[in-house]
Amino acid sequence: DAGVTQSPTHLIKTRGQQVTLRCSPKSGHDTVSWYQQALGQGPQFIFQYYEEEERQRGNFPDRFSGHQFPNYSSELNVNALLLGDSALYLCASSRMGEGITQETQYFGPGTRLLVL
Amino acid sequence: GDSVTQMEGPVTLSEEAFLTINCTYTATGYPSLFWYVQYPGEGLQLLLKATKADDKGSNKGFEATYRKETTSFHLEKGSVQVSDSAVYFCALLLQGGKLIFGQGTELSVKP
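Numbering of residues starts from 1 in each chain and follows the order in which that chain's sequence is written. To read the labels, note that chains go from A and ligands from 1, taken in the order they are written. Residue-level local features of this predicted model are given only where pLDDT is at least 70; pairs of side-chain atoms are given and counted only at 80 or more, and the full residue set underlies all totals for whole chains, interfaces and linings. Side-chain numbers here rest on the full set of heavy atoms in the structure, without hydrogens or water.

J.: What is the right way to look at the pairing of strand S4 (residues 23–26) of chain B in this model?
T.: Residues and elements named next belong to chain B. With burial as the criterion, only one face of S4 is covered, namely that bearing Cys 23 and Tyr 25; the residues Thr 24 and Thr 26 on the opposite face remain uncovered. We treat two strands as partners when DSSP finds at least two bridges between them. What counts as a helix is a DSSP run of H or I of at least four residues, what counts as a strand is a run of E of at least two, and both are numbered from the N terminus. Both strand S1 (residues 3–6) and S4 contribute to a ladder of four bridges, which runs antiparallel. Among the inter-strand pairings, Thr 5 is bridged to a residue of S4, identified as Thr 24. Note on exposure labels: buried denotes an accessible area under 20% of the residue type's maximum, exposed denotes more than 50%, and partly exposed covers the range between, all computed with a 1.4 Å probe on protein chains only.

This is the structure:
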């Protein structure tokens, strides 16, 4: 049973560029959440997708956007990159329980983005 | 607002020593609580969880008990190994699916 997978593993971009990161959830999971982890810090919630819609969003600017596909995989897009966007971007998948209850989130290995 | 506070690291222990990493939280309602572990250069791995008051989560010799009266979820292990060296994150899951993490506690175990 494959776990959560992310691509690419590493990425180097320059300021002002755009980047797309990809995530495939664990088998049987239908919900994808994205987190940003700066060096030496805990992960910060960016947003969550379920049924191809953004359900909840953290305190991130509109430069951060996402998408979920019918097969539950997801993309994170960041426009107009800033030096401060350099971080490890983590994808987590989970299964939506009855009602709107959430089940445990399982994380992928992350994509390390460096903005020069 | 909702938050998680962990004891600051780094924590350095000798092999077979007893480990405690303190975690306290502030949240409305009744969140689920988690400990995740991150090895160098890797993503987060779920270590254990507890979904309601007085629940004890356990895995690989690690334990944590959900204490609502003290809003705590301290991580313990009776005898640490060198392979336990990693960064440990305490987290709470809010209704709606947002995980809130502490700042992480780095553990270094020396042989």
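Still more ground to cover, so stick around.
J.: Could you clarify how one ought to interpret the pattern of salt bridges in this entry?
T.: Opposite charge on two side chains lets them pair, provided their charged atoms get close. Salt bridges are defined by distance alone: a side-chain nitrogen of Lys or Arg within 4 Å of a carboxyl oxygen of Asp or Glu. With the rule as written, the count across this model stands at six salt bridges over all chains. Across the pair Arg 57 of chain A and Glu 54 of chain A runs a salt bridge whose closest N-O atoms are separated by 3.1 Å.

J.: It is not clear to me how the packing of aromatic side chains should be interpreted in this structure. Could you clarify?
T.: Ring pairs (aromatic) are described by centroid distance and by the angle formed between their planes. Stacked, tilted and edge-to-face are the three classes applied to pairs of Phe, Tyr and Trp rings, where Trp contributes its six-membered ring and a pair requires centres within 6.5 Å; stacked means planes under 30 degrees apart, edge-to-face means over 60, and tilted covers the rest. Within this structure, the stated rule accounts for 12 aromatic pairs over all chains. For the ring pair Phe 60 of chain A and Phe 64 of chain A, a centre distance of 5.1 Å and an interplane angle of 65 degrees mean the geometry is edge-to-face. The pair Phe 60 of chain A / Phe 64 of chain A is uniform in exposure class, with both members buried. Taking 5.2 Å as the distance between ring centres and 85 degrees as the angle between the ring planes, the aromatic pair formed by Phe 107 of chain A and Tyr 36 of chain B counts as edge-to-face. Taken together, the residues Phe 107 of chain A in strand S10 (residues 106–107) and Tyr 36 of chain B in strand S5 (residues 32–38) connect one chain to another. The exposure class assigned to Phe 107 of chain A is buried, which follows from its relative accessible area of 11%. In textbook terms, an aromatic cluster arises when at least three aromatic residues are bridged by ring pairs, as seen for Tyr 35, Phe 45 and Phe 107 of chain A together with Phe 34, Tyr 36, Phe 89 and Phe 101 of chain B. Only when the NZ of Lys or the CZ of Arg is both within 6 Å of the ring centre and within 35 degrees of the ring normal is a charge said to sit over the ring. Seen from the ring of Tyr 106 of chain A, Lys 26 of chain A lies directly overhead, with NZ or CZ sitting 5.5 Å from the centre.

J.: Is there a simple way to think about the state of the cysteines in this case?
T.: Disulfide: a pair of cysteine sulfur atoms within 2.5 Å of each other. Counted according to the given criterion, the structure contains two disulfides over all chains. With its sulfur 1.8 Å from that of its partner, Cys 23 of chain A forms a disulfide with Cys 91 of chain A. Judged by the torsion about the S-S bond (-55 degrees), the Cys 23 of chain A/Cys 91 of chain A disulfide is left-handed. Here Cys 23 of chain A, found in strand S3 (residues 19–24), pairs with Cys 91 of chain A, found in strand S9 (residues 87–94); they are 68 residues apart in sequence, far enough to count as distant. Cys 23 of chain A gets classed as buried once you look at its relative accessible area, which sits at 2%. Classification of Cys 91 of chain A as buried rests on a relative accessible area of 0%. What pairs with Cys 23 of chain B in a disulfide is Cys 90 of chain B, and their sulfur atoms sit 2.0 Å apart. One disulfide, between Cys 23 of chain B and Cys 90 of chain B, carries an S-S torsion of -65 degrees and so falls in the left-handed class.

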